[in-house]
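# A look at the structure
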Amino acid sequence: MQTNVSLEAGSKADLFNDRARLNMALYRYEVDDLQVSAVGGAFNLIQLVNVDKVEGYGFETDAEFMLSDYFTISVGYSYH
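Scope of this entry: the structure provided in the associated data block. (Residues numbered from 1 in each chain as written. Predicted model: local features only at pLDDT ≥ 70, side-chain atom pairs only at ≥ 80, totals over all residues. Heavy atoms only, no water.)

### Considerations on the overall build of the protein
Across its full length, the protein holds zero helices and four strands. Starting at the N terminus, the α and β elements of the protein follow one another as β-β-β-β. Compactness check: the protein gives a C-alpha radius of gyration of 20 Å against a globular reference of 12 Å for 80 residues, more than 25% above the reference. Each principal axis of the C-alpha distribution contributes one length, and for the protein these read about 60 × 30 × 15 Å. Considering the protein as a whole, with its 80 residues, one finds that 10% of them fall into the buried category. The long-range share in the protein, meaning contacts at least 24 apart out of those at least 6 apart in sequence, stands at 41%. Of the roughly 6,800 Å² of accessible surface on the protein, 56% is carried by carbon and sulfur atoms. (Helix = DSSP H or I, 4+ residues; strand = E, 2+ residues; numbered from the N terminus. Rg over C-alpha atoms; globule rule 2.2 N^0.38 Å. Buried < 20%, exposed > 50% of the residue type's maximum accessible area, 1.4 Å probe, protein only. Contact = heavy atoms within 4.5 Å. Areas by Shrake-Rupley, 256 points an atom, 1.4 Å probe, with all protein chains shown as cover.)

Written out as structure tokens, the structure is:
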């Protein structure tokens, strides 16, 4: 049976009298007994494969800056 454990922590902040916003998140997950489809080979076959353990981690951040009432800049970055 497939099981999944996920953890995430983050924050959201409004800065400079609500003229800027900063969001950040860190996450980690672990999946046991994952089922995936493997495609390929000489005959382009599809095969169901069980993977014992899969781990993943990363972070995401984005920022938004309101330079005027009509002009906003946003930037973001993520690592997985």
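### As for the side chain of Asn-23
Tracing the backbone shows Asn-23 in strand 2 (residues 20–40). Apart from residues lying up to four places away in sequence, Asn-23 is in contact with Ser-11, Lys-12, Ala-13, Glu-60, Thr-61 and Asp-62.

### Digging into the packing of aromatic side chains
The final tally for this structure, using the stated rule, is two aromatic pairs. Taking 5.9 Å as the distance between ring centres and 40° as the angle between the ring planes, the aromatic pair formed by Phe-59 and Tyr-77 counts as tilted. Taken together, the residues span a long stretch of sequence, with Phe-59 in strand 3 (residues 45–68) and Tyr-77 in strand 4 (residues 71–79) at a distance of 18 residues. The exposure class assigned to Phe-59 is partly exposed, which follows from its relative accessible area of 30%. Put simply, the rings of Phe-59, Tyr-77 and Tyr-79 pair up and form one aromatic cluster. (Phe/Tyr/Trp six-rings, centres within 6.5 Å; stacked < 30°, edge-to-face > 60°.)

### Re the sheet that holds strand 4
The strand order across the open sheet built from four strands is 1-2-3-4, with neighbouring strands paired in antiparallel fashion. The open sheet has two edge strands with one neighbour each: strand 1 (3–15) and strand 4. Averaged over all pairs of adjacent strands, the angle between their axes in this sheet comes to 20°, without regard to strand direction. Across nine bridges, strand 3 lies against strand 4 in antiparallel orientation. Opposite Phe-59, over in strand 4, you have Tyr-79 as the bridge partner. (Pairing = 2+ DSSP bridges. Axes fitted to C-alpha atoms, helices over the stretch in contact; angles between N-to-C directions.)

### So, a nonpolar patch on the surface
On the surface, Leu-26, Tyr-57, Phe-59, Tyr-77 and Tyr-79 cluster together into a nonpolar patch covering about 570 Å² of accessible area. Listing elements by their share of the nonpolar patch, those giving two or more residues are strand 3 and strand 4. (Patch = residues over 30% accessible without salt bridge, like charges linked within 9 Å, V, L, I, M, F, W, Y side chains within 5 Å. Salt bridge = Lys/Arg side-chain N within 4 Å of Asp/Glu carboxyl O.)

These figures capture arrangement, not role.
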